[in-house]
Amino acid sequence: MDAVDLSRLIAVARKGKAPFVIRDARVINVFTSEITQTNVAIAGDTIVGVGNLSGETEYNAHGAFLAPGFIDGHVHIESSMVTPASFAQVILPKGTTTIIADPHEIANVAGKEGLRAILALSKNLPLDIRFMLPSCVPSTPFEHSGATLSADDLAAFMDDPAVLGLGEVMDYPSVVAGAPDMLKKLERFYDRPIDGHAPMLTGRALNAYCLAGPRTDHECSNYAELKEKLRNGMVILIRMGSAANGVREMFDGIVADGLPTDRICFCTDDKHLENIRSEGHINHIVNTAISRGIRPLDALKMATIHTANAYGLRRVGAIAPGYRANLILFDDLHTIEPKLVFANGVPVDPDARIPSPPVPDAVRNSVHAAPVGPEDLKLKALPFMPVIETVPHQLVTRLITREVPSDENGFFAARDGLNKLAVIERHHASGHIGLGIVEGMHITGGAIAATVAHDSHNIVVVGDNDGDMLLAIDTLKACGGGFTVVSRGEVKALLELPVAGLMSDAPVPAVIEKQRALLEAAHALGADDACDPLVLLSFLALPVIPEVRLTDCGLFDVTSMSFLYRSER
Ligand SMILES: [Fe+2]
């Protein structure tokens, strides 16, 4: 804000007559935990006063509650499969007006160009988007991603006003071991916010990790873990997105112990559009907290000012002079359903499409895979082979051994509940292909493929016949990435994700409709509801979740951190 703007706002505050006033609201003060029935005056995007002020235009709240807009402390926009503008369109009506995003996914595909693109796509939107720079690209050395980001690469983005600090440091073994590359990144960001990501880390290893710089954690899955990390000076982000392990138990522990909540915030991490629409976003976590006995004002502070404080955001998270006019009106303090949201002082229209900045060419046409033919998908059958067994309702898998069926040439034939799985490197057309066998996906007469395949986002495809698997691969190559379901030589459903193979720039309703069609087509092939087959497929190539995964380098045993077999290409 320049001096002219500031002087104008000071004059408005002094005179008590603002361009816009929300009159007669029960205003929640996050500093004093008071609720006062009064007026809030707004000039442009800024709150200029709370109290006996009048407006050139006024909105009468008729005694509804008025809270600051919610802040999501850690989220991957790419996981919504839409651009930042479309994501804003979905979450703003739920009351989330600021997000702290980690562009880990697009960075794994497109490196620095990916970072530049997501920063450009996030500018000048009604949603306030801040960034933590991805610290672990690639995530692991057991796969090929599209890019590598060094400490110097990340430092080039530090001066962007939207950049806050360093994103989730998930490679905690490197931190605890003092690996030089990791330490270089941590040193560069030592005085900035650094997000941690250290599930179940405890004792001396946790001491070492906290000492190295990470100051938040969103991976707690039980109360004891939450408390130990709080003691170590970490800010805890309680996560409810696709994953919500132990959330209710953590709230119960906080209530039972009367634990201070000023170092506890909320985040979603990954949450699909359809779930946000039906369930809510940060408001869903607030309501869950309240339902477990957290006092409503404490829950609201965890969703606003505590997050702002944790990340050094000085103009959001409260209703007070100088803060952004990001506001939520609602009627019931115990079940918060926003009835009107203001973003930068402007009412949010839940039905209006938010225009997106243009998608940079650098993140289009991101699928560069070497040609894949029938010979490439042949997997030599051995009498007993390691198989990935899926676990209902979970993303973990089990490593099992099976006697597998083979064809007349001695190659694995997908039947008897076993499917073939392939991961095809798609960034540098290297020809790397990992082949494996999966039990529990129940695909018959077709194949499902995706370019959303955490964290390297290669092409992952599962099926019961090579013809459909090849068609699925070629379909995604032709459209620049996405999800597809094919059956008996025909494409049954396709969601194109032309932005880095991760996001769509189509209107939100069209994306949701195509997601529904994909699920329906997957179910028609036999996939059941034990786990969303599209989500499951997206995680089968992530070599950090137990027990066994397939990457473009081969079949990987996560428990022993070693390959069961490597692919020959
Ligand atoms: Fe994350």
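This is a predicted model, so every value here is computed, not measured.

Enquirer: Looking at this structure, I do not really get the pattern of salt bridges. What am I missing?
Expert: Oppositely charged side chains may form a pair once their charged atoms are brought near each other. A complete count under the given rule lists 24 salt bridges for this structure. Here Lys229 ties to Glu225 by a salt bridge, and the two come within 2.8 Å at their closest N and O atoms. Of this pair, Lys229 and Glu225 both sit in helix α8 (residues 223-231), separated by four residues, roughly a single helical turn. When sorted by exposure, Lys229 lands in the same class as Glu225, which is buried. In the salt-bridge network here, residues are joined through shared partners; they are Asp128, Arg130 and Arg324.

Enquirer: Is there a simple way to think about the coordination of the iron ion in this case?
Expert: In a perfect tetrahedron of four donors around a metal, the angles come out at 109.5 degrees. In a perfect octahedron of six, they are 90 or 180 degrees. At 2.2 to 2.4 Å from the iron ion lie its protein donor atoms, namely His74 (NE2), His76 (NE2), Glu168 (OE) and Asp269 (OD). When the donor residues of the iron ion are listed from N- to C-terminus, their spacing reads H-x1-H-x91-E-x100-D. With His76 in the loop between β6 (70-75) and α2 (84-91) and Asp269 in the loop between β13 (264-267) and α10 (273-279), this residue pair connects regions lying 193 residues apart in the sequence. The same class applies to His76 and to Asp269, which are both buried.

Enquirer: Would you mind showing me how to read the packing of aromatic side chains here?
Expert: Each pair of aromatic rings is reported with the distance of its centres and the angle of its planes. Across all of its chains, the model carries eight aromatic pairs by this definition. Grouped by ring-pair contacts, the aromatic residues Phe20, Tyr59 and Phe342 constitute a single cluster. Its guanidinium or amino end placed over the ring of Phe65, Arg26 lies 4.2 Å from that ring's centre, counting from NZ or CZ.

Enquirer: Would you mind showing me how to read the nonpolar core here?
Expert: When a protein is soluble and globular, its nonpolar side chains tend to lie buried together. Counting 162 residues, the largest nonpolar core has Leu226, Phe251, Phe266, Val286 and Leu300 as its most contacted members. The element best represented in this core is helix α3 (residues 104-121), accounting for nine residues. Excluding its chain neighbours within four sequence positions, the residues that come into contact with Leu300 are Ile28, Ala67, Phe70, Val286, Phe330, Leu333 and Ile336. Counting residues in hydrophobic clusters, the runner-up holds 29 residues, among them Ala369, Ala449, Val461 and Met469.

Enquirer: Please explain helix α7 (residues 203-212) as it appears in this structure.
Expert: Note: α-helices contain 3.6 residues per turn, so residues at a spacing of three or four share the same orientation. Among the residues making up α7, those that are buried are Leu206, Tyr209, Cys210 and Ala212. Buried residues of α7, viewed axially, fall in a sector of 160°; they line one side. In α7, the exposed positions angled more than 90 degrees off the buried face are occupied by Arg204 and Leu211. Against β9 (163-169), α5 (172-177), α6 (180-188), β10 (194-196) and α8 lie the buried residues of α7.

Enquirer: In this structure, what is going on with the pairing of strand β18 (residues 397-402)? I would like to understand it.
Expert: Along a regular strand, successive side chains alternate from one face of the sheet to the other. Where strand β17 (residues 385-390) and β18 come together, six bridges link them in antiparallel fashion. Bridge pairing links Pro386 to Thr401 in β18. Counting the residues that bridge the hairpin from β17 to β18 gives six residues, and of these His393 lies at a positive phi of roughly 65°.

Enquirer: Sorry if this is basic, but what is going on with helix α1 (residues 3-15) here?
Expert: Between its terminal C-alpha atoms α1 stretches 18 Å, which fits the 18 Å expected from 13 residues at 1.5 Å a residue. For α1, every residue scored as buried is listed here: Leu9, Ala11 and Val12. Down the axis of α1, the sector holding all buried residues measures 155°, keeping them to one side. Turned more than 90 degrees off the buried face of α1, the exposed positions are Ala3 and Arg14.

Enquirer: What is the right way to look at unusual backbone geometry in this model?
Expert: If a residue is not glycine, its phi is most likely negative; likewise, a peptide bond is most likely trans. In this structure, the amide linkage connecting Val137 to the following residue, Pro138, adopts the cis form with an omega of 0°. Structurally, Pro138 is set in the loop between β8 (128-133) and α4 (151-155).

Enquirer: Please explain the packing of α8 against helix α9 (residues 247-257) as it appears in this structure.
Expert: At a minimum axis distance of 8 Å, the contact between α8 and α9 shows a crossing angle of 60°. Taken together, the axes of α8 and α9 are oblique relative to one another. Counting all contacts with α8, which are made through Tyr223, Leu226 and Lys227, the residues of α9 involved are Glu249, Met250, Gly253, Ile254 and Asp257. In terms of residue class, the contact of α8 with α9 is made up of four nonpolar, one polar and three charged.

Thresholds applied
- Residues numbered from 1 in each chain as written.
- Predicted model: local features only at pLDDT ≥ 70, side-chain atom pairs only at ≥ 80, totals over all residues.
- Heavy atoms only, no water.
- Salt bridge = Lys/Arg side-chain N within 4 Å of Asp/Glu carboxyl O.
- Helix = DSSP H or I, 4+ residues; strand = E, 2+ residues; numbered from the N terminus.
- Buried < 20%, exposed > 50% of the residue type's maximum accessible area, 1.4 Å probe, protein only.
- Donors = N, O, S within 2.8 Å, 3.2 Å for Na, K, Ca; no water.
- Phe/Tyr/Trp six-rings, centres within 6.5 Å; stacked < 30°, edge-to-face > 60°.
- Lys NZ or Arg CZ within 6 Å of the ring centre and 35° of its normal.
- Core = buried A, V, L, I, M, F, W, Y, C linked by side-chain atoms within 4.5 Å.
- Contact = heavy atoms within 4.5 Å.
- Arc of directions from axis to C-beta.
- Pairing = 2+ DSSP bridges.
- Expected span 1.5 Å × (residues − 1).
- Axes fitted to C-alpha atoms, helices over the stretch in contact; angles between N-to-C directions.
- Parallel < 35°, antiparallel > 145°, perpendicular 65-115°, else oblique.
- Nonpolar A, V, L, I, M, F, W, Y, C, P; charged D, E, K, R; others polar.

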